[in-house]
Amino acid sequence: QVQLVESGGGLVQAGGSLRVSCAASGLTRSRYVMGWFRQAPGKEREFVAGLSWSGDTQYADSVKGRFTISRDNAKNSMYLQMNSLKPEDTAIYYCAATRFRITTSQKDYDYWGRGTQVTVSS
């Protein structure tokens, strides 16, 4: 059974940094693409970043240059380093996995975590 568990969320001031993590279990050694999505209050869930097994990355325009996605295959973990945080980054951050290529559509992701709250104060 596949399980994705996010951690590391919290409250941070604008301009600060935070790293959220995703621990994956139950994924086979297939080459899963991992992604981060977020959902702010009253808004739809949106793509943040994606990372293929080969190291290709894709970022939403709103986070380019500020966020970095990475993974540690030995630990079955994925990370999102968030720098220069803004109040508009406040959201629940979800980790997801898909067996296909990096995609910004949440419909294409097979597995989801429950999310971790990130709050950026002004």
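Higher on the page you've got the structure.
Parameters at a glance
Residue numbers restart at each chain and count upward from 1, following the sequence in its written direction. The predicted nature of this model means local features are confined to residues of pLDDT at least 70 and side-chain atom pairs, given and counted, to a pLDDT of 80 or more, with totals for whole chains, interfaces and linings taken over all residues. The basis for the side-chain values is all heavy atoms of the structure; hydrogens and waters are excluded. The criterion for a disulfide is a pair of cysteine sulfur atoms lying within 2.5 Å. Numbered from the N terminus, helices here are DSSP runs of H or I no shorter than four residues, and strands are runs of E no shorter than two. Burial classification: accessible surface area is computed with a 1.4 Å probe over protein chains only, and a residue below 20% of its type maximum counts as buried, one above 50% as exposed, and the rest as partly exposed. Here the rule is simple: two strands pair whenever DSSP picks up at least two bridges between them. Each axis is a line fitted through C-alpha atoms, and for a helix only the stretch in contact is used; angles between axes span 0 to 180 degrees, taken between their N-to-C directions.

J.: So what exactly am I meant to see when it comes to the state of the cysteines here?
T.: When the sulfur atoms of two cysteines share a covalent bond, that bond is a disulfide. Per the stated rule, a full pass over the model turns up 1 disulfide. In this model Cys22 forms its disulfide with Cys95; the gap between the sulfur atoms is 2.0 Å. With Cys22 in strand β3 (residues 18-25) and Cys95 in strand β9 (residues 91-98), the pair connects residues that are 73 residues apart, well separated along the chain. Taken individually, Cys22 and Cys95 each receive the classification buried, so the pair is uniform in this respect.

J.: Can you help me understand the pairing of strand β8 (residues 77-82) in this one?
T.: Side chains on a regular strand alternate between the two faces of the sheet. Of all 6 residues in β8, 5 are buried, a share of seventy percent or more. Relative to β8, β3 runs antiparallel, the two being bridged by 6 bridges. Looking across to β8, one finds that Leu18 is bridged to Met82. As paired strands, strand β7 (residues 67-72) and β8 are joined by 6 bridges and run antiparallel to one another. When the sheet's bridge partners are listed, Ser70 is paired in β8 with Tyr79. Between β7 and β8, which pair antiparallel one after the other, the connecting turn spans 4 residues, and Asn76 there sits at a positive phi close to 50°.

J.: Would you mind going over the sheet that holds β8 with me for this structure?
T.: The strands making up a sheet are joined through hydrogen bonds of the backbone, oriented either antiparallel or parallel. Taken together, 4 strands build an open sheet; the order of strands is β1-β3-β8-β7 and the sheet is antiparallel. Strands with a single pairing partner mark the edges of an open sheet, and in this sheet they are β1 (3-7) and β7. Each neighbouring strand pair of the sheet contributes to a mean axis angle of 15°, computed without reference to strand direction.

J.: Sorry if this is basic, but what is going on with the pairing of β9 here?
T.: Judged by how many residues are buried, β9 sits mostly within the fold: 7 of 8 residues are covered. Bridging between strand β4 (residues 33-39) and β9 involves 7 bridges; their strand directions are antiparallel. Counted as the bridge partner of Gln39 is Ile92 from β9. Sheet topology note: the β9/strand β10 (residues 111-112) ladder contains 2 bridges and is antiparallel. Pairing of Ala96 across the sheet is with Trp112, part of β10.

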